[in-house]
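Observations on chain architecture
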Amino acid sequence: PLYSSAASDVYKRQTSGHVGSAMSQCIFCQIQAGTLPASVVYQDEQAMVILDLFPIREAHCLVIPREHAPLLEGLDAAVTHHLMDLARRTIVAQKRAGLAVKAHNVVVNDGREANQHVPHVHVHVIPRRGGDTLVTALTWATRLLNVFGMAKRRKRLDRLAGLLSEHFPDSA
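Residues numbered from 1 in each chain as written. Predicted model: local features only at pLDDT ≥ 70, side-chain atom pairs only at ≥ 80, totals over all residues. Heavy atoms only, no water.

What follows is about the overall build of the chain. A tally of regular secondary structure across the chain gives 6 helices and 5 strands. When the helices and strands of the chain are placed in sequence order, the string is α-α-α-β-β-β-α-β-β-α-α. A separation threshold of at least 6 residues defines the contact pool for the chain, and within that pool the share at least 24 residues apart is 65%. Carbon and sulfur atoms make up 58% of the accessible area of the chain, which totals about 9,000 Å². (Helix = DSSP H or I, 4+ residues; strand = E, 2+ residues; numbered from the N terminus. Contact = heavy atoms within 4.5 Å. Areas by Shrake-Rupley, 256 points an atom, 1.4 Å probe, with all protein chains shown as cover.)

A surface patch of positive charge is lined by Lys152, Lys155, Arg156 and Arg159. By the secondary structure assignment, Arg159 is in helix 6 (residues 150-166). Judged by its relative accessible area of 58%, Arg159 falls in the exposed class. (Patch = residues over 30% accessible without salt bridge, like charges linked within 9 Å, V, L, I, M, F, W, Y side chains within 5 Å. Salt bridge = Lys/Arg side-chain N within 4 Å of Asp/Glu carboxyl O. Lys, Arg positive; Asp, Glu negative; His and termini not counted. Charge placed at Lys NZ, Arg CZ, Asp CG, Glu CD. Buried < 20%, exposed > 50% of the residue type's maximum accessible area, 1.4 Å probe, protein only.)

Attention now goes to the packing of aromatic side chains. According to the stated counting rule, one finds 1 aromatic pair in the structure shown. Between Tyr42 and Phe168, the aromatic rings sit 4.6 Å apart at their centres with planes inclined by 15°, giving stacked as the arrangement. Of the two residues, Tyr42 sits in strand 1 (residues 40-43) while Phe168 sits in the segment after helix 6, which places them 126 residues apart along the sequence. One residue, Arg89, lies across the ring of Tyr42, its end atom 5.0 Å from the ring centre. (Phe/Tyr/Trp six-rings, centres within 6.5 Å; stacked < 30°, edge-to-face > 60°. Lys NZ or Arg CZ within 6 Å of the ring centre and 35° of its normal.)

For the rest of this paragraph, the subject is the nonpolar core. Grouped together as the largest cluster of nonpolar side chains are 26 residues, with contacts concentrated most on Val41, Leu51, Val63, Leu83 and Leu164. Counting only elements with at least two residues in this core, the list comes to strand 2 (47-51), strand 3 (61-65), helix 4 (77-96), strand 5 (123-128) and helix 6. By residue number, the principal contributor to this core is helix 4, which donates 6 residues. Beyond its immediate chain neighbours, meaning those up to four positions away, Leu83 contacts Ala47, Val63, Ile64, Pro65, Leu75, Val121 and Val123. In terms of nonpolar packing, the next biggest core, distinct from the first, is built from 9 residues, Cys26, Phe28, Cys29 and Val118 among them. (Core = buried A, V, L, I, M, F, W, Y, C linked by side-chain atoms within 4.5 Å.)

This is the structure in structure tokens:
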């Protein structure tokens, strides 16, 4: 139900081993190639951190490897460790930036049946404020329905990405 038939076809191609065509159709590969816009918080040779266009909570980030792999098992250990370090550093940046953050959900939806919408490994870093469980659950269920006001949303996300980028820690 969350996948249209077209999205389902793309998902099947991207997880079936046809990497060349999968990468050209993958939204995260297109973002990394610069053909689609994103609000970038951080990037290096292995991965990037962007703000989710349809956030669960304000400052919801995605940590995305540059290597196209539909499932976590397709990444080597070094890249997987780097993704988790970037998730940790994203949390630090969110707190340093002065956001009202009390906790985080760090989530990997690994596969279609796990509610993975884009078949390219990515780690969700979702700030939580406390007392926001109901709002978070409702937003999670309806977030992809809100396609209005995209230009205004992009400007807001770009400003937030700049703020988080200023506070993003070096690796240690």
